Amino acid sequence: MPELVRPRTGRVIGGVCLAIANRFDMSPIVIRVLMVGSVVFFGLSIWLYLLLWLLIPQARD
């Protein structure tokens, strides 16, 4: 399994969804749709996204 890092290319805002998608070998679009849906319906995940943005290291190229 690849490590959990935020890639420098292909990210939209902070690269959190792309990092999660790469880690679990999923489509980033699926992760982004789930994240947006959870923000709209539950609201708490915006704080989770910001926390993950701070905790997941950026990839070193």
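What counts and what doesn't
- Residues numbered from 1 in each chain as written.
- Predicted model: local features only at pLDDT ≥ 70, side-chain atom pairs only at ≥ 80, totals over all residues.
- Heavy atoms only, no water.
- Helix = DSSP H or I, 4+ residues; strand = E, 2+ residues; numbered from the N terminus.
- Expected span 1.5 Å × (residues − 1).
- Buried < 20%, exposed > 50% of the residue type's maximum accessible area, 1.4 Å probe, protein only.
- Arc of directions from axis to C-beta.
- Contact = heavy atoms within 4.5 Å.

**Details of helix α2 (residues 28-42)**
Since there are 3.6 residues in each turn of an α-helix, residues three or four apart along the chain are aligned in direction. With 15 residues, α2 extends 20 Å from end C-alpha to end C-alpha; this agrees with the ideal 21 Å at 1.5 Å per step. What α2 keeps buried is the set Ile 31, Met 35 and Ser 38. All buried residues of α2 fall inside an arc of 65° around its axis, so they share one side. Exposed positions of α2 whose direction lies more than 90 degrees from the buried face are Ile 29, Val 33, Val 36, Val 40 and Phe 41. As for α2, its buried residues are in contact with α1 (16-23) and α3 (45-55).

Treat this as a map of the structure, not an account of what it does.
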